[in-house]
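Breakdown of the fold
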Amino acid sequence: MKKNKIMQFGEGVFLRGFIEPLIQQMNQQSSFNGEVYAVKPRAGAVPQKFADQHCQYNLLVRGIAEDNSAIEKTEKITCLKQVYSSSEDWQKIEALACDPDLTFIFSNTTEAGIAYEVNNLDTFPGKLARLLKKRFESGQPGVTVLPCELIENNGQTLKEYVLRYLQDDPAAEYVKNACSFYDTLVDRIVSGFPADFARFDANDQLMVAVEPFAFLAIKAPAKLSEILPLPEDVVVFTDDLTPYRMRKVRALNASHTCMVSGGLLAGFSEVQELLQDDGFRKRIETTLFDEILPTVKLPEAEKRLFAESVLRRFANPFAHHKLEAIALNSAAKWKVRILPVIQDSKVLPYYLSRSLGELFKRYKLSGAAGDTAEVAARFCGSYSIDDFLADRDLWDMDLHSIPGLAEAAKEAGL
């Protein structure tokens, strides 16, 4: 049976908790026969634990299932075959790049990883350019590249930087015409190595804990599924990632930002505690279903299913998601996550608008703890809620111009 070898830039917990389980599921449900060969993008040796465990590890899935029951289960991941060091195993990595069975390249080198630096071929795009040049010179067919870094247009940006490194090189046409780069959007909370790992396998130093939810949107024709038969309940092939990105930023992230100041002011410390409180749960549900979802341009049933999954993720008893962590840099988050929802709403959303007042009140009481020194400095003197609303350096506008927002913010913040 033909193998589908996969080069994966990144050996960290996110890819091992997101991509490897998908590869393994395809292996179990089809004739995909995928094998993952990871590349450690940073300099230094591969941790010994990968060799000690033959790269095998347990995936610990725990959270709230679709029937609202708590689940906690493990699955042995066996599709990761080798981890190479980009600084110590380059010849082996080049050999993999020239392997006829190599078909896909995945990556997660953090948002800072997809970067172009003149004359620096040790960046991730620089390394990829060198490897694709080798593959071209060996006469092998092109590959499909699916970056998972959380930046917009990740696939096309990566391709642009690879081509910059290959400017005036014959391999540039090969990358342009024979290789496919697709933009993606990934969504899964991967907690990493669990503190209570010994409950499940005391010898597993590579265990990865994840939530049940997983979502992958790929800007690609659906026919890509013919060679990459990803689980239909996880993947969406689309010609526009924008509504899916908006769905995530608004339903998940804006909901977080809306609840955090009110939750901290009320004395709560974790997201799941808010879901256990009847009053806050009703507030979160109203915010999500009545205020946020109408601004997301997706089919109604699809939006509601996602919103219901968000509530389960918030209620995850294993996550222990601290409100203080969510509250970091709240002013910038409010601007990016909540202000666009208010601007897109036909009527002023009650809880989203009040969250601005709660943010002001929390910052006044705490001296804007958890935000930048520049933001915190505003709250040392007589900075008023009207000053806050009119602060163009924070909002790029005077928020008094949005009808009713100042009144709602003052009602909640004074």
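For the structure, see preceding data.
Attention in this report is confined to the structure presented alongside it.

Cut-offs and rules
Residues numbered from 1 in each chain as written. Predicted model: local features only at pLDDT ≥ 70, side-chain atom pairs only at ≥ 80, totals over all residues. Heavy atoms only, no water. Helix = DSSP H or I, 4+ residues; strand = E, 2+ residues; numbered from the N terminus. Rg over C-alpha atoms; globule rule 2.2 N^0.38 Å. Buried < 20%, exposed > 50% of the residue type's maximum accessible area, 1.4 Å probe, protein only. Pairing = 2+ DSSP bridges. Axes fitted to C-alpha atoms, helices over the stretch in contact; angles between N-to-C directions. Contact = heavy atoms within 4.5 Å. Parallel < 35°, antiparallel > 145°, perpendicular 65-115°, else oblique. Nonpolar A, V, L, I, M, F, W, Y, C, P; charged D, E, K, R; others polar. Core = buried A, V, L, I, M, F, W, Y, C linked by side-chain atoms within 4.5 Å. Salt bridge = Lys/Arg side-chain N within 4 Å of Asp/Glu carboxyl O.

The helix and strand tally for the protein chain stands at 17 helices and 13 strands. Compactness check: the protein chain gives a C-alpha radius of gyration of 23 Å against a globular reference of 22 Å for 414 residues, within 12% of the reference. Summarising its shape, the C-alpha atoms of the protein chain cover approximately 70 × 50 × 40 Å along the three principal directions. Here the protein chain holds 414 residues, and 54% of them are scored as buried.

What the four strands build is an open sheet, ordered β4-β3-β11-β10; its pairing is mixed. This sheet does not close on itself; its edge strands, each paired only once, are β4 (70-77) and β10 (190-192). Across this sheet, the average inter-strand angle for adjacent strands is 25°, counted without regard to direction. Of the strands in this sheet, β3 (57-64), β4, β10 and β11 (208-210) touch helix α1 (residues 13-29), which is tilted by about 75° from β4.

Leave glycine aside and you will find that most residues have negative phi; peptide bonds, for their part, are mostly trans. Despite not being glycine, N68 has its phi angle at roughly 70°, a positive value. Phi is positive for N329, close to 55°, though the residue is something other than glycine. Position of N329 among the secondary structure elements: in the loop between α11 (323-326) and α12 (330-344).

Time to look at the packing of helix α4 (residues 124-137) against helix α6 (residues 171-178). Two elements in contact, α4 and α6, have axes separated by 9 Å at closest approach and are oriented at 95°. Taken together, the axes of α4 and α6 are roughly perpendicular relative to one another. Contact residues: α4 offers L132, K133, R135 and F136, while α6 offers A171, Y174 and V175. Considering only residue class, the contact of α4 with α6 consists of five nonpolar, no polar and two charged.

Further remarks concern the nonpolar core. Formed by 39 residues in total, the largest nonpolar core has its most connected members in I23, F106, L216, I218 and L228. At the level of elements, α1, β2 (34-40), β3, β5 (80-85), β6 (102-107), β11 and β12 (215-219) are the ones that each hand at least two residues to this core. Considering every element that reaches this core, the biggest residue donor is α1, with seven residues. Setting aside chain neighbours within four positions, we find I218 in contact with L146, Y182, D183, T184, L224, L230, V235, V236, F237, T238 and L241. In terms of nonpolar packing, the next biggest core, distinct from the first, is built from 31 residues, I93, V143, V145 and C179 among them.

Next up on the list: the pairing of β4. Across eight bridges, β3 lies against β4 in antiparallel orientation. Within the sheet, the bridge partner assigned to L59 lies in β4 and is E75. Counting the residues that bridge the hairpin from β3 to β4 gives five residues, and of these N68 lies at a positive phi of roughly 70°.

One pass over the structure, following the stated rule, counts 24 salt bridges. Linking R354 and E411 is a salt bridge whose minimum nitrogen-to-oxygen distance equals 3.1 Å. Placement of the pair is R354 in helix α13 (residues 350-366) and E411 in helix α17 (residues 405-413), with a sequence separation of 57 residues. Residues R378 and D391 are paired through a salt bridge, measuring 2.5 Å at the closest nitrogen-oxygen approach. Within this pair, whereas R378 is found in helix α14 (residues 373-378), its partner D391 is found in the loop between α15 (385-389) and α16 (392-395), the two being separated by 13 residues in sequence. We classify D391 as buried; its relative accessible area is 10%. Linked by salt bridges that have partners in common, R62, E72, D196 and R199 make up one network.

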